[in-house]
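Reading the structure
Each chain, written out:
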Amino acid sequence: MMPPHYFLLVAALLFAIGCVGVLIRRNAIVILMCIELMLNAVNLTFAAFANESQSMTGHVFVFFVMTVAAAEAAVGLAIVIALFRRRRTTDVDDASLLRW
Amino acid sequence: MLQLLWLIPLLPLAGFAVNGLLGARFLPRRAVALVGCGSVLAAFVLSAGAVRELAGGRFAQTLFEWLPMGQTPGGSDLTVSWGYALDPLSAVMILVVTGIGFLIHVYSIGYMEHESKGGFARFFAYLNLFMAMMLTLVLGASLPVVFVGWEGVGLCSYLLIGFWYDRMFDEKAKMSCADAGRKAFLTNRVGDVGFVLGMLILFGATGTLDIQGILEGAGSIDPWWCGAAALLLFLGACGKSAQIPLYVWLPDAMAGPTPVSALIHAATMVTAGVYVTCRMAPLYLHAPDAMLVVAVVGGLTALFAAIIGIAQDDIKKILAYSTVSQLGYMMLAAGAGAFSASVFHLMTHAFFKALLFLGAGSVIHAMAGEQDIRRMGGLRRHLPITHLTFLFAVLAIAGIPPFAGFFSKDEILAGVLRAGGESGSPIALALWAVGILTAAITAFYMTRLYLLVFTGAPRMTEETRHHLHESPAAMTLPLIVLAVGSALAGFLGVPEFIGGLPNYLEHYLAPVFGAAAGVAEHAQGTAALSEQAAMGIALLASLAGIVGAWAVYRRGPLAAGAGAAAPGGLTRVVKNRFYVDEAIDAVVLAPYRGLCRVAAAFDERIVDRLVNSVGGAVDLASQLGRLAQTGYVRNYAFVFFVGTIAVLIFVLQ
């Protein structure tokens, strides 16, 4: 059995990549993909700890996260399409109407 | 009936509530008039019944504890009850107030017929409120209750002077009717300060605010405090009863509709000061110096206002100055200790001055609003009833027997003479001479008014002349009733030496003015002149005034050039009312306005700037804070991550 810190290291790496992507990319679709990356990094962590502690709770949480992620992707993509229809762009910096 | 005393002020108050709340929207004109006049008539009937039952005694009624303020440190009980008291003095007053008030209410139905329905209801609501407040003032058993009525009538006076608040009153002085109302209200405030202070001194000295209690304890008050209280109360009376130096508001109070001038500024409210002075008679008798001040101020006011009255051209202004002058007469009588003469003149004056004002209203009504007597003349033919009733009033105020004014004026002059005989002081004799002179001047300017309005060639425009008409019955009937009163009221107080009739009023009032009456009886023999001679001199003075005016004015008003033949200052000075308004403006109001400007500058430059800089500081902080709001989700997310990491480090440490 593999020690859990291998999983955790991979999860942390994935999370960091996702996080940096959210912060520095401007394309809305890429940002959404990066968010998926972060969510899945968390899923990996859940699964690793669940396996380690022989408990089902972590596995159940993984399913919840996946469901929410699916919903989030649906809503997020709908927003991106609406934005594209109005603005002909998916650059988030152009969607700053509510700024002061 | 006596038990229903509380209902007398309450009825007009109910009329006020009905007309004020429902009148403008839900009631037809007829109903408004019915409620307005009916409530006053009911009050009059109740008053008459109560006075009949009173039979010269005294009746007091406590309704409820009004201000239970507990014990003062000195141990006196400061609980003010709302109570009414009826004695011969207040009996005379409530009969005059409700009786003449009712006639003027009826007259108003005709006079205000061209008013909009809302204005009509508002007018009657105010009139009814005034009646309620005046009756509270007269019936109040303790000084705070009297003060409520005192302020209430002042409020109604303000509301009714400014009744046509959107009209100009004096184009030349740029004074609107609303300004005139404010002037009356503010001038009265000066006097009210005196009233309140006097009331507090009396409470401090006697430990009660009940009038009966104060008067019973008046003898034991320290003379200095007694004089101070009397003078302060007199200051209040000066404001209300338009005495020097606080009389300036009354001529401008003519901005109100004419029935208001008749009711409030001639017959009732302005006599409140005289009433309070007479009510506190025992107090004044213990303060001879204050009495002297009252007499001198009254005498000077009488003469001064009468002189101004000669040179006025506005029919209502003449009557206003005449009112000031007659109020001065009443104060002179009170100051001389002839309290019942003062009340007698108050009563007859209420009749003939209300009649004069209502007659003037009838003239103004017929002349479509014209008030300048130089543009009248020859109205005798067009307004027969108004003319005849007005003539009655002129004869009454001029002091021609057997009209009412003759007897009351004579009683005042006799009272002053008696006071002079008793004390032997030359001041009283001088005041008597002032009274005689005033009587002559009064006869002069009233005859002038009568001649210029009713006789001679018409001087109005052709259009106005065609419009001339006698007033409706609602206006002429009160005129006739008042004319009868002006002719006959004098017989209530025929002097003893004439005989035939007993002096009803003096005997009726004797229980109230017992002490004062004693003084009068005692001094009878020591007067400088016999009463018959004094009466003859007064009558001669009146006749001289009438003949003089007839000689000067029988051919119409003096042409502008002729009157000012001696363009010398005197005519101009009198015409401009001795520049008193201007003097008050320069001495009192100008420094006050300067002070206001300083205060305004302080407010704008310092207070406002302080407040604004607090706002500016908040604004500046916000400008800094908004820099963090970039609007880029990226930036917010970054902060969010950094924060999360910081929290994690803190928790896991």
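Residue positions within a chain follow its written sequence, with the count starting from 1. Each chain gets a letter, beginning with A, and each ligand a number, beginning with 1, in the order they are written. Two thresholds apply to this predicted model, a pLDDT of at least 70 for residue-level local features and 80 or more for giving and counting side-chain atom pairs, whereas whole-chain, interface and lining totals are computed over all residues.

What about the overall build of chain A?
The helix and strand inventory of chain A stands at 3 helices and 0 strands. Every helix listed is a DSSP run of H or I at least four residues long, and every strand listed is a run of E at least two residues long, numbered separately from the N terminus. Starting at the N terminus and ending at the C terminus, chain A contains elements arranged as α-α-α. Dimensions of chain A along its principal axes, counting C-alpha atoms only, are 50 × 25 × 20 Å. Exposure is read from a count of other C-beta atoms within 10 Å of each residue's own; the residue is exposed at 12 or fewer, buried at 20 or more and partly exposed in between. C-beta atoms are placed from the backbone. Looking at the 100 residues of chain A, the share that counts as buried comes to 11%.

Observations regarding the overall build of chain B
Secondary structure assignment for chain B yields 27 helices and 4 strands. Across the 653 residues in chain B, those meeting the buried criterion constitute 51%. C-beta atoms are placed from the backbone for every residue, and two residues are taken to be in contact when these atoms lie within 7 Å. In chain B, 80% of the contacts between residues at least 6 apart in sequence involve partners at least 24 apart.

Focus on the nonpolar core
Residues and elements named next belong to chain B. The term nonpolar core refers to a group of buried residues, namely Ala, Val, Leu, Ile, Met, Phe, Trp, Tyr and Cys, whose C-beta atoms join them within 7 Å. Membership of the largest hydrophobic core comes to 218 residues, with the highest contact counts inside it found for Ala354 and Val416. An automatic or database domain assignment provides the domain bounds reported here. Here this core spans two domains, since at least three of its residues come from each of domain 1 (1-181 + 241-273) and domain 2 (348-559). When residues no more than four places from it in sequence are discounted, the contact partners of Ala354 are Ile100, Ile104, Ala262, Ala266, Ala267 and Leu482.

A word on the pairing of strand E2 (residues 77-86) of chain B
All names here are of chain B. DSSP bridges decide pairing: two strands pair if at least two such bridges lie between them. With 9 bridges connecting them, strand E1 (residues 59-71) and E2 associate as antiparallel partners. From the neighbouring strand, Phe64 faces E2, where its bridge partner is Trp82. Linking two consecutive strands that pair antiparallel, namely E1 and E2, is a turn of 5 residues; a positive phi of about 95° is found at Gly75 within it.

Remarks on the interface of chain A and chain B
On the side of chain B, 9 residues touch chain A, which itself brings 9 residues to the contact. Gly falls in the polar group here, along with every residue not listed as nonpolar (Ala, Val, Leu, Ile, Met, Phe, Trp, Tyr, Cys, Pro) or charged (Asp, Glu, Lys, Arg). Across the side of chain A that touches chain B, the residue classes break down as 6 nonpolar, 1 polar and 2 charged.

Describing the domain arrangement of chain B
Residues and elements named next belong to chain B. As far as domains go, chain B holds domain 1 (1-181 + 241-273), domain 2 (348-559) and domain 3 (591-624). The centre of domain 1, based on its C-alpha atoms, is set 25 Å off from the matching centre of domain 2. On the domain 2 side, the residues contacting the 21 residues of domain 1 number 21 residues. When contributions to the side of domain 1 that touches domain 2 are tallied by element, the ones reaching two or more residues are helix H3 (88-111) and helix H10 (258-267). Residues of the side of domain 1 that touches domain 2, tallied by class, amount to 14 nonpolar, 6 polar and 1 charged.

Details of the environment of Arg593(B)
Checked against the element boundaries, Arg593(B) lands in helix H26 (residues 580-626). Sequence separation between Arg593(B) and Val138(B) is 455 residues; the distance between their C-alpha atoms is 37 Å.

Quick word on helix H20 (residues 473-488) of chain B
Residue and element names in this part refer to chain B. The terminal C-alpha atoms of H20 lie 22 Å apart, and with 16 residues this matches the ideal 22 Å at 1.5 Å per residue to within 8%. Turning to H20, its buried residues number three or more, namely Met475, Thr476, Pro478, Leu479, Leu482, Ala483, Gly485 and Ser486. The elements touched by buried residues of H20 are H3, helix H15 (339-366), helix H16 (384-398) and helix H17 (404-423). The span you would expect from a helix comes to 1.5 Å times its residue count less one.

What about the packing of helix H13 (residues 288-310) of chain B against helix H18 (residues 426-454) of chain B?
Residues and elements named next belong to chain B. Between N-to-C directions, angles span 0 to 180 degrees; the directions come from axes that are lines fitted to C-alpha atoms, helices contributing only their stretch in contact. Two elements in contact, H13 and H18, have axes separated by 9 Å at closest approach and are oriented at 25°. Between H13 and H18, the angle is such that the two are roughly parallel. The crossing of H13 and H18 is left-handed. Counting all contacts with H13, which are made through Leu292, Ala295, Val296, Gly299, Ala302, Leu303, Ala306, Ile307, Gly309 and Ile310, the residues of H18 involved are Ile427, Leu431, Val434, Gly435, Leu437, Thr438, Ile441, Thr442, Phe444 and Tyr445. Roughly parallel means an angle under 35 degrees; roughly antiparallel means over 145; roughly perpendicular covers 65 to 115; every other angle is labelled oblique. Take the far helix as the reference: if the near one is turned anticlockwise from it by less than a right angle, the crossing is left-handed, and if turned clockwise, right-handed.

Side note on unusual backbone geometry
In the segment running from Ile244(B) into Pro245(B), the intervening peptide bond is cis, with an omega of 5°. For the peptide bond that leads from Pro401(B) to Pro402(B), omega is 5°, which places it in the cis range. Not every positive phi belongs to a glycine, and Gln54(A) is a case in point at roughly 50°. Phi at Ala368(B) is positive, roughly 55°, even though this residue is not glycine. Looking at Ala368(B), the number of C-beta atoms within 10 Å reads 13, which means it is partly exposed.

A few points about the packing of H13(B) against helix H14 (residues 315-335) of chain B
All names here are of chain B. Contact geometry for H13 and H14: axes closest at 7 Å, N-to-C directions at 160°. If you check the angle between H13 and H14, you find them roughly antiparallel. You can see that H13 and H14 cross each other, and the crossing is left-handed. Split into classes, the residues belonging to the contact of H13 with H14 amount to 16 nonpolar, 8 polar and no charged.

Here we look at the confidence of the model for chain B
All names here are of chain B. Averaged over all residues, the pLDDT of chain B equals 87, while 95% of them reach at least 70. Per-residue confidence from the predictor is given as pLDDT, running between 0 and 100. Predicted confidence is poor over residues 518-526, with pLDDT under 50, and the contacts of this stretch with residues over four places away or in other chains come to 12 contacts. Interface predicted TM-score (ipTM) for the complex: 0.74; the corresponding pTM is 0.79.

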